[in-house]
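Residue-level structure breakdown
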Amino acid sequence: MKTLGIIFSNIHERDIPELTKVRTLASVPFGGRYRLIDFVLSNMVNSGITNVGIITKYNYQSLMDHVQSGKNWDLSRKNGGLTILPPFSDEAGGGVFANRFEAIKSVASYIRHNEADYVVMADCDIICNLDFVPALTEHARKGADITMIIRKKKVGRGDHERLIVEQDEDGRIVKTCGIEGAEGEHLVYTDFMIINRRLLLYILDHSTQWGITSFSRDILSNVKEYKIYGHILDGYCVAVNSLADYYAHSMELLDPDVVRELFHKGGSIYTKVRDSVPAKFTDTAKVTNSMIADGCLIEGEVTDSIVFRGCHIAKGAKVTGSIIMQDSVVESGSTLNCVVMDKGAHVLDNRLLSGHPTHPYYIEKEGTI
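The following refers to the structure shown. Going along each chain's sequence as written, the residues are numbered from 1 onward. Per-residue local features are limited, in this predicted model, to residues with pLDDT of at least 70; the limit for side-chain atom pairs, both in listing and counting, is 80 or more; totals at the level of whole chains, interfaces and linings are taken over all residues. Heavy atoms throughout the structure, all of them, feed into the side-chain values; hydrogens and water do not.

What about the overall build of the protein chain?
Runs of H or I in DSSP of at least four residues are treated as helices and runs of E of at least two as strands, each being numbered from the N terminus. Along its length, the protein chain carries ten helices and 28 strands. Relative to its length of 369 residues, the protein chain is compact, with a C-alpha radius of gyration of 21 Å against a globular reference of 21 Å. Dimensions of the protein chain, computed from the C-alpha atoms along their principal axes, are close to 65 × 45 × 40 Å. Taking all 369 residues of the protein chain together, the buried fraction comes to 52%. We call two residues in contact when some of their heavy atoms are within 4.5 Å. Look at the contacts in the protein chain between residues 6 or more apart in sequence, and 57% of them connect residues 24 or more apart. Here the Shrake-Rupley method, with its probe set to 1.4 Å, supplies the accessible areas, and only the displayed protein chains count as covering residues. Total accessible area on the protein chain stands at roughly 16400 Å², and carbon and sulfur atoms take up 47% of it. Radius of gyration here is computed from C-alpha atoms only, and the compact-globule reference equals 2.2 Å multiplied by the residue count raised to the power 0.38. Only protein chains enter the area calculation, which uses a 1.4 Å probe; residues under 20% of their type maximum are buried, those over 50% are exposed, and those in between are partly exposed.

Observations concerning the pattern of salt bridges
Definition used for salt bridges: Asp or Glu carboxyl oxygen within 4 Å of a side-chain nitrogen of Lys or Arg. Considering all chains together, one arrives at ten salt bridges under this definition. The residue Arg100 makes a salt bridge to Asp123 at a minimum N-O spacing of 2.6 Å. Here the residue Arg100 occupies a position in helix H4 (residues 100–106), and Asp123 occupies one in strand E6 (residues 118–123), the gap between them amounting to 23 residues. We classify Asp123 as buried; its relative accessible area is 0%. The salt bridge involving Lys142 is made with Glu138; its shortest N-O contact spans 3.9 Å. Of this pair, Lys142 and Glu138 both sit in helix H6 (residues 133–142), four residues apart, which is roughly one turn of the helix. By relative accessible area, Lys142 is classed as buried at 16%.

Structural notes on the sheet that holds strand E25 (residues 339–341)
Pairing within the open sheet is parallel, and its five strands lie in the order E16-E19-E22-E25-E28. If you trace the sheet from one side to the other, it starts and ends with strand E16 (291–292) and strand E28 (361–363), each paired once. DSSP bridges decide pairing: two strands pair if at least two such bridges lie between them. Examined bridge by bridge, strand E22 (residues 323–324) and E25 share two bridges and lie parallel to one another. Each residue of the ladder has a partner; that of Ile323, found in E25, is Val340.

Overview of empty space enclosed by the protein
The gaps of empty space that remain are located by a probe, the size of a water molecule, rolled over the atoms. Using a 1 Å grid laid over the protein atoms alone, points where a 1.4 Å probe fits but cannot get out form a cavity; open sets with protein on both sides within 12 Å along at least 5 of 7 lines form a pocket; any residue with an atom within 4 Å of a point counts as lining. Grid points are joined across faces, edges and corners, and a volume is the space filled by probe spheres set on the points. For the structure shown, the criterion picks out two cavities of 30 Å³ or more. Its volume calculated, the second largest cavity comes out at about 40 Å³. Around the second largest cavity, the lining residues are Phe8, Arg100, Met121, Ala122, Tyr189, Asp191 and Met193. Counting residues per element, the ones that place at least two in the lining of the second largest cavity are E6 and strand E11 (184–196). At three residues, the largest contribution of residues to the lining of the second largest cavity is made by E11.

Looking at unusual backbone geometry
Positive phi values are uncommon outside glycine, yet Asp327 reaches one of about 65 degrees. With respect to the helices, strands and loops of the structure, Asp327 is situated in the loop between E22 and strand E23 (329–330). On the accessibility criterion, Asp327 (39% relative accessible area) is partly exposed. Positive phi, close to 60 degrees, is recorded for Glu366, a residue that is not glycine. Take Glu366: it is sitting in the segment after E28.

Observations concerning H6
Those residues of H6 lying buried are Ala135, Leu136, His139 and Lys142. Along H6, the residues classed as buried sweep out an arc of 140 degrees about the axis, all on the same side. The secondary structure elements touched by the buried residues of H6 are strand E1 (3–8), E6, strand E8 (146–155), E11 and strand E12 (228–232). Backbone geometry just after H6 places Gly143 at a positive phi near 65 degrees. Note that the arc is computed from the directions linking the helix axis to the C-beta atoms.

Some thoughts on the layout of surface pockets
Considering only enclosed or pocket space, the largest pocket measures out at about 560 Å³ in volume. Of all the secondary structure elements, the ones that give two or more residues to the lining of the largest pocket are H4, E11 and helix H8 (215–220). All amino acids are sorted into three groups, where Ala, Val, Leu, Ile, Met, Phe, Trp, Tyr, Cys and Pro are nonpolar, Asp, Glu, Lys and Arg are charged, and the leftover types, Gly among them, are polar. Tallied by class, the residues present in the lining of the largest pocket amount to ten nonpolar, eight polar and six charged.

Description of the side chain of Ser9
Relative to the helices and strands, Ser9 resides in the loop between E1 and helix H1 (17–20). Given the relative accessible area of 1%, Ser9 is considered buried. N or O atoms within 3.5 Å of each other form a polar contact, as long as, within protein, one can give a hydrogen and the other can take it, and as long as residues adjacent in sequence are counted only when both atoms are side-chain atoms. A distance of 2.7 Å separates the side chain of Ser9 from the backbone oxygen of Ile55, its partner in a polar contact.

A look at the environment of Val277
Mapped onto the elements, Val277 comes out in the loop between helix H10 (256–264) and strand E14 (280–281). We classify Val277 as exposed; its relative accessible area is 57%. Ignoring any residue separated from it by four or fewer positions in sequence, one finds Val277 in contact with Asp294 and Gly295.

A look at the nonpolar core
Put simply, buried Ala, Val, Leu, Ile, Met, Phe, Trp, Tyr and Cys residues joined by side-chain atoms within 4.5 Å make one nonpolar core. Of all hydrophobic cores here, the largest spans 39 residues; its most connected members are Ile6, Ile55, Ile104, Ile111, Met121, Ile146 and Met148. Of the residues forming this core, the biggest block, five residues, is contributed by helix H7 (residues 197–210). Those residues within four positions of Ile55 in sequence are excluded, and the remaining contacts are Ile6, Ile7, Phe8, Ser9, Asn10, Leu85, Phe97, Ala103, Ile104 and Val107. Leu63, Tyr118, Leu130 and Ala239 belong to the second-largest nonpolar core, a separate cluster that totals 31 residues.

Written out as C-alpha cells, the structure is:
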C-alpha cells in the first residue's frame, strides 16, 4: 500500500508555552536524548512509510537541525524521503495557516503530486510505539474513507484530547463529541488519522464552496456522509498537552515496564545520532533510579531524575525528581526538587528550587538562577 505521511509539527503547542516559546512542539526534548517528533517519525518509518512531509510554522530552526535530511530515519532518498513543508500557502494571497485544516490545505499541491493511495496524518504530542500497518490493512479491507486511531482512557477534568468517539460492532464510528464535561472510561481520538488521498484532495478542492474549515467539526463529526472507522491502539500511549503532562510522562520513563513497552516491544525509536563521550561519574557521585545521557559529568547526587546530554551536576548538588535538559549546569550546594531545566540553563551555588508534580518549577532555556 502506497502511503504518504504528514506530520503537524506545531499543533497544540499553545498548550505548553513554556517549552514551545523558542522551539516548535515537534522539537521539544524528551527522555534524555529524543525529541517528540522522533516517536511519530519512527512509527511511520517502521510501518514502511518512507515518504513523509513535516508541516512547519514558527520556531522550526531546531527542528530542521534535528531531522536534517532524514538520514537517521533512513529517509534521505532521491525519490520520496523526508520533506520540510514551509508554513505558507502556494495560493495567491495565502498566508500562514491558522489551524489543522488550513495547514493541510496549504500543502495540497504536495499531496497532489504524490502517487500514494492513503495519507496518514499525525501530530507530535502523542508518545507511543505504533505500527500503522494493521490499521492501514483494516482501512483497505473495510473500504473506509477515514480511519481514526483511538485509545481507551479514563478522562476527567483537565484532559486535553479533542474528541470522544463511539463505535458500532463493526468498528464504524457512529458518534463523535467534545471531551468537555466527560468522565470515566471512553474511546478518545489520538489525532492520528488515515484518509484516502483522493478523498482528501476532493475535500480540499471543494472546501470553500462547502464551507469546510475544520477536520473535527466538518468532517470527522459527519459520520453519515463518510465511512469512518476506528482502530484501537493498545499499549503505552500518552499525550503531552501541558508542562505537568510533560513532567509526568517523562518521570514514567523511570519505570522499566514503560521503557520496555515504548522502546522494545515494537520497532526502534530513532533520533539524531551525536558522537558524545560516555557520562563520567566521580567518587562523590550518587545516582539512584535515574537516566543519565552521554557526555554528562556527575559529581553530586541525582535521584529519580532524567539528565540530558552534556550536563554537569557539581559536587554537593542534589537533584531529585527533576528533568535537566542538554548542557545545563547545577552548581555546588544547590538543591532541586520537581524542576524542569530547559537547555543550557544554569543554577548557581546554594540555590533551593522546588516545584510540585502538578506544577513543576520551570527554568527557561539558557536561564540563570
